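# What the coordinates show
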Amino acid sequence: RGAQPLTALLNWIGDGAGGDWSTSYAPQPVYITDFNRSILLENSEISFFDTRDDDSVVIEVWGQQMTGRILHGRSMLDLITEITAYTGRMQAPPTWTQQGAIIGLEGGTEEVSMKLDKILAVNKANISVPVSAIWLQDWTGLRHSYDGDRLMWNWQLDYTYYPQWDQLVHSARSSGIRVLTYINPYFSHPFIANKPAQSSVNYRNLYKEGLDRGYFVQAPGAGSGAYKLWSGSIPFCMLDTTNPAAREWMKDIIKEVLLKQVSSSGFMADFGEYLPFDARLHNSSVSAAEYHNRYPQEWGRVVAEAVSEFQQEKVYFQRKRKTYGDLATFASPPESSDDANDIVYFMRSGWMHSPGLKNLVFWLGDQMVSWDRHDGIKSVLVAALSGGIGGHSLTHSDIGGFTMSDVGPLIYIRSTELLLRWIELAAFGSALFRSHVGLSTSPRNAQLYDSEATTLHFAKFASIFAFLAPYRSALLADASQKGWPLMRHMAAHFAYDPKVWPLTQQFLFGEDFLVAPVLDPAPAIPSATASSYLSYLSSCVSSVFGYFLYVFGSDSARAKSLRRKRISDIGPLNPEDFRNQSVSEVKVYIPAFSDWVHLWTGQEVSGGDLGRTVRVDAPFGSPPVFYRKGSSAGKDLRHYVLTLQADAITVPSDRPRPVLDANCVPLSNEGSNYEGPSQGNGEERSSGGSRRRYRQQDGCPKARIRDIITHEPSPSWVHWLLWKGTPAVAEDNIKWAQMDSPRVSMP
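Basis of the calculations
Residues numbered from 1 in each chain as written. Predicted model: local features only at pLDDT ≥ 70, side-chain atom pairs only at ≥ 80, totals over all residues. Heavy atoms only, no water. Helix = DSSP H or I, 4+ residues; strand = E, 2+ residues; numbered from the N terminus. Buried < 20%, exposed > 50% of the residue type's maximum accessible area, 1.4 Å probe, protein only. Contact = heavy atoms within 4.5 Å. Areas by Shrake-Rupley, 256 points an atom, 1.4 Å probe, with all protein chains shown as cover. Arc of directions from axis to C-beta. Expected span 1.5 Å × (residues − 1). Pairing = 2+ DSSP bridges. pLDDT = per-residue confidence, 0-100. Salt bridge = Lys/Arg side-chain N within 4 Å of Asp/Glu carboxyl O. Phe/Tyr/Trp six-rings, centres within 6.5 Å; stacked < 30°, edge-to-face > 60°. Axes fitted to C-alpha atoms, helices over the stretch in contact; angles between N-to-C directions. Parallel < 35°, antiparallel > 145°, perpendicular 65-115°, else oblique. Left-handed = near helix turned anticlockwise from the far one by under 90°. Nonpolar A, V, L, I, M, F, W, Y, C, P; charged D, E, K, R; others polar. Core = buried A, V, L, I, M, F, W, Y, C linked by side-chain atoms within 4.5 Å. Lys, Arg positive; Asp, Glu negative; His and termini not counted. Polar contact = N/O pair within 3.5 Å; in protein donor to acceptor, adjacent residues only side chain to side chain.

### What about the overall build of the protein chain?
When helices and strands are counted, the protein chain shows 18 helices and 34 strands. In the protein chain, which comprises 747 residues, the proportion classed as buried is 56%. Taking as baseline every contact in the protein chain between residues at least 6 positions apart, the subset at least 24 positions apart corresponds to 73%. When the accessible area of the protein chain is evaluated, it comes to approximately 30,800 Å², of which 52% is carbon and sulfur surface.

And the structure:
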């Protein structure tokens, strides 16, 4: 599994950090079929679903009993409603989270203030960054090691790293910006990394507290003490969520430190998937192997209970003040930065009932800063679409990815091009628009505040995300009432078209938008002499080992192009070192019997009776997005993007490209045969009797949609009859008989 040999190296260096076929942040023992049937297991023990046989599915559970449900729905969305009736349904996050970006920053008070001021100062052509919150995950301080900048897992504010924290929070709130933080259920000794003494006398060593009180998961064998685990360079112990006293202790930390002292409006509740199978738990009636999958769910429940209790306390003291005035302030907790119901937290781990936790939004884990399908940007779509089937209706990803390295020979950093494309993806279908600095704050890792052009690109799509809040609000209501995801597989609305079922690189944002994000780098080929070609290779890698990773560990178009290109084929040196070729293109499948309008140009496209694949130009700032013909939300967004007069973005130095300017749009959108008056140096284009006039400015390429495939007739009507004729399953809660063998296989 994974992008090899990089994943194997990460597993070797980072104790399994790369993952393998059996690992997942949030396993869900459920699947659906194209006949809208589903099997859902209630077992928490490890299970295996073998779907390799076309005629049968074999389910194996490591337990004495297999318990599950067989469900049926009239459609995919109807079936998701049935599934989420069991798993629980996610509730809409606070309104403020939908009004702009949540920007991840790090570096201490001075550094964060400087970067935030730099971001807020960007205002060009009436475009600025709408900021809802800043997310400061390093509020506890940083430790620096071979695996990057890692957080101090002692959940106390680091006053030496963040002096004048209260002033920072107050300054942000005065600008309408909230502050978010970070926590996880693991504890590490704060002085292992030679951490200096804190200036605050109230600084607590929570690792020592938990160890002394027996609040951590225990190692196998009586009297062996707490289980010592490692996450890269961090040794830690794990909260025992089967211990009621440990749960109350953790809830107090969340309420007293994160929500009161630090005044967080929310936080990332990280990890939860590490419980060893051989650990000993406080509740000896349950084995760690059985509890392993349930642990993330219980960790999330601890967080949800803490937030709920804090909200109740907040309401209580607000009422006391209203009744008794200042006389009641002596009993009041320190002021929080938020109203009672205005807190959000996001998790990557979970189990079957995690979607039912209040105030939760899922994020899709630690993607690599790459284009690959295993752990890079392509995996975001696969995770969101599959998670949405099992109840994870509200998801988002770290904009730009997370996992990177610039230590020693392992050079793996985020490019500006990847960051720009990830920004475009996040604006459509995500429940939150949140950026991440990445695993390391190295200046080699591209950031949204690197240049004005990059910040403007971020501002444009953060503004689009905020503009879509009313449309998203209706989808959030569907998620809470029916369990329907924001980001949907094409089959959710076009199941009658068999060609949509294999698609994983395009999706529906609700019912009105079809999105096919750019998930590959532009296919640039260096046009230089042999010496400049070698210089180009040396700029891609910093060592022979790095070159080995680059060529064999990447399935990007650039790596493939370089492997095929001979040095003798390279032409004369271009002043910019690269050819300025055409913009990226994306193939988009238009389902049968559906009509759409291209968001950026207003060009109409129809799937016809058989469906069709079109090739769409995708310059930076104009990813392939279509809205349903006649959609009011689509028309409103179309009008809005025409008002965004952003300047052309400076493309990354390693991939120069012409950029579609905001003015390069059809002069009218009044039908496919409209012929508007010529303006400026307008150019007329004609195709199949359909004529449009475009403004064409210097350096402004035309976005175009071209039909490239005409599909052969397919028996979609037969598929539809089978779908309509599928009988309902009478029993929806089947208990399978107890078996003698600890492993049960059910063909």
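### A short note on helix 1 (residues 6-13)
Residues L6, T7, L9 and L10 constitute the buried set of helix 1. Viewed end-on, helix 1 has its buried residues packed into an arc of 160°, placing them on one side of the element. Positive phi appears at D15, one or two residues downstream of helix 1, with a value of about 55°.

### Things to note about helix 12 (residues 469-482)
Side chains three or four residues apart in an α-helix point the same way, a direct result of the helix having 3.6 residues per turn. Here helix 12 is 14 residues long and its end C-alpha atoms lie 19 Å apart, about the 20 Å a rise of 1.5 Å per residue gives. Residues A469, Y471, R472, L475, L476, D478 and A479 constitute the buried set of helix 12. Buried residues along helix 12 cover an arc of 165° about the axis, so they all sit on one side. Structural note: helix 12 exposes P470 and Q481 on the side pointing more than 90 degrees away from its buried face. Of the surrounding secondary structure, the elements contacted by the buried residues of helix 12 are helix 11 (452-467), strand 22 (487-488), strand 23 (507-509), strand 24 (513-515) and helix 17 (632-643). Looking at the residues trailing helix 12, positive phi occurs at G483, about 85°.

### Comments concerning the pairing of strand 9 (residues 131-135)
For strand 9, the buried fraction is high: 5 of the 5 residues fall into the buried class. Taken together, the 4 bridges between strand 6 (residues 101-104) and strand 9 define a ladder with parallel strand orientation. Residue pairing in the sheet places G104 in a bridge with W135 of strand 9. Here strand 9 runs beside strand 12 (residues 178-183); their pairing, made up of 3 bridges, is parallel. Note on strand 12: the bridge partner recorded for W135 is L180.

### Focus on the sheet that holds strand 13 (residues 186-187)
Taken in spatial order, the 3 strands of this open sheet run 13-15-14, and their pairing is antiparallel. Sheet topology places strand 13 and strand 14 (229-231) at the edges, where each strand pairs with a single neighbour. With 3 bridges connecting them, strand 14 and strand 15 (residues 234-238) associate as antiparallel partners. By the bridge assignment for strand 15, W230 is matched with P235.

### Here's the deal with the confidence of the model for the protein chain
Counting all residues, the mean pLDDT for the protein chain is 79, and 73% of those residues have values of 70 or more. A low-confidence stretch, residues 326-338 (pLDDT under 50), is modelled with 27 contacts involving residues beyond four sequence positions or located in other chains. Taken as a whole, residues 646-702 scores under 50 in pLDDT and shows 129 contacts with residues more than four places along the chain or in a different chain.

### Details of the pattern of salt bridges
Under the defined criterion, the tally for this structure stands at 30 salt bridges. The residue R178 makes a salt bridge to D342 at a minimum N-O spacing of 3.0 Å. Of the two residues, R178 sits in strand 12 while D342 sits in the loop between helix 8 (295-324) and strand 17 (344-347), which places them 164 residues apart along the sequence. Accessibility assignment for this pair places R178 and D342 in one class, buried. Each of R247, E248, K251, D252, K255, E256, K260, E298, R301, E305, E309 and E313 takes part in one network of salt bridges that share partners.

### Here's the deal with unusual backbone geometry
Positive phi, normally seen in glycine, also occurs at N359, with a value near 75°. Along the chain, the position of N359 falls in the loop between strand 17 and strand 18 (360-363). The phi dihedral of F593 falls on the positive side, at around 55°, and the residue is not glycine. Looking at where F593 falls in the secondary structure, it is placed in the loop between strand 25 (585-590) and strand 26 (595-598).

### Here we look at the side chain of T395
Positionally, T395 belongs in strand 19 (residues 395-396). Beyond its immediate sequence surroundings of up to four residues, T395 is in contact with F362, L364, A384, G429, S430 and A431.

### Topic: the packing of aromatic side chains
The tally for this structure, following the rule as stated, stands at 32 aromatic pairs. Considering the side-chain rings of F267 and Y345, the 6.0 Å spacing of their centres and the 15° angle between planes classify their relative orientation as stacked. Here the residue F267 occupies a position in strand 16 (residues 266-269), and Y345 occupies one in strand 17, the gap between them amounting to 78 residues. Across the pair, Y345 and F267 agree in class, each one buried.

### Some remarks on the sheet that holds strand 22
Whenever strands of a sheet pair, they do so through backbone hydrogen bonds, lying parallel or antiparallel. Read from one edge of the open sheet, 6 strands run 22-23-24-29-26-27, paired in antiparallel fashion. For this open sheet the edge positions go to strand 22 and strand 27 (604-606), each flanked by a neighbour on one side alone. Relative to strand 27, strand 26 runs antiparallel, the two being bridged by 3 bridges. Bridge pairing in strand 27 places D595 opposite S606.

### Observations regarding the packing of helix 10 (residues 416-426) against helix 11
Orientation of helix 10 relative to helix 11, taken along the N-to-C sense of each, is 15°, at an axis distance of 9 Å. Between helix 10 and helix 11, the angle falls in the class roughly parallel. For the pair helix 10 and helix 11, the sense of crossing is left-handed. In this structure, helix 10 uses T416, L419, L420, I423, E424 and A426 to contact helix 11, whose residues at the interface are T454, H457, F458, F461 and F465. Of the residues belonging to the contact of helix 10 with helix 11, the class tally is 7 nonpolar, 3 polar and 1 charged.

### Some details on the nonpolar core
With 146 residues, the main nonpolar core has F428 and F433 as its most contacted residues. Membership of the second largest hydrophobic core comes to 33 residues, among which are M76, W351, V586 and V616.

### Quick look at the environment of A17
Within the fold, A17 resides in the loop between helix 1 and strand 1 (30-32). In sequence terms A17 and T7 are 10 residues apart; their C-alpha atoms lie 8.1 Å from each other. Not counting residues up to four positions away in its chain, the partners in contact with A17 are L10 and N11.

### What to know about the environment of N293
Mapping N293 onto the fold places it in the loop between helix 7 (288-291) and helix 8. Taking relative accessible area as the criterion, N293 reaches 13% and is therefore assigned buried. It is 9.4 Å that separates the C-alpha atoms of N293 and Q28, two residues lying 265 residues apart in sequence. Once residues lying within four places of it in the same chain are set aside, the contact partners of N293 are P27, S44, E45, I46, G350 and W351.

### Observations regarding the side chain of E106
Here E106 lies in the loop between strand 6 and helix 3 (109-121). Buried and unpaired, E106 has no salt bridge, with K115 as the nearest side chain of opposite charge at 7.3 Å. Here Q137 takes part through its side chain, which lies 2.6 Å from a polar atom of the side chain of E106.

### Let's talk about the environment of H489
Take H489: it is sitting in the loop between strand 22 and helix 13 (491-494). The spatial distance from the C-alpha of H489 to the C-alpha of I389 is 8.9 Å, given a sequence separation of 100 residues. Setting aside its immediate chain neighbours within four residues, H489 contacts L385, V500, W501, L503 and L508. Of note is the side chain of H489, whose polar atom sits 3.0 Å from the backbone nitrogen of A491. A polar side-chain atom of H489 sits 3.3 Å from the main-chain carbonyl oxygen of W501.

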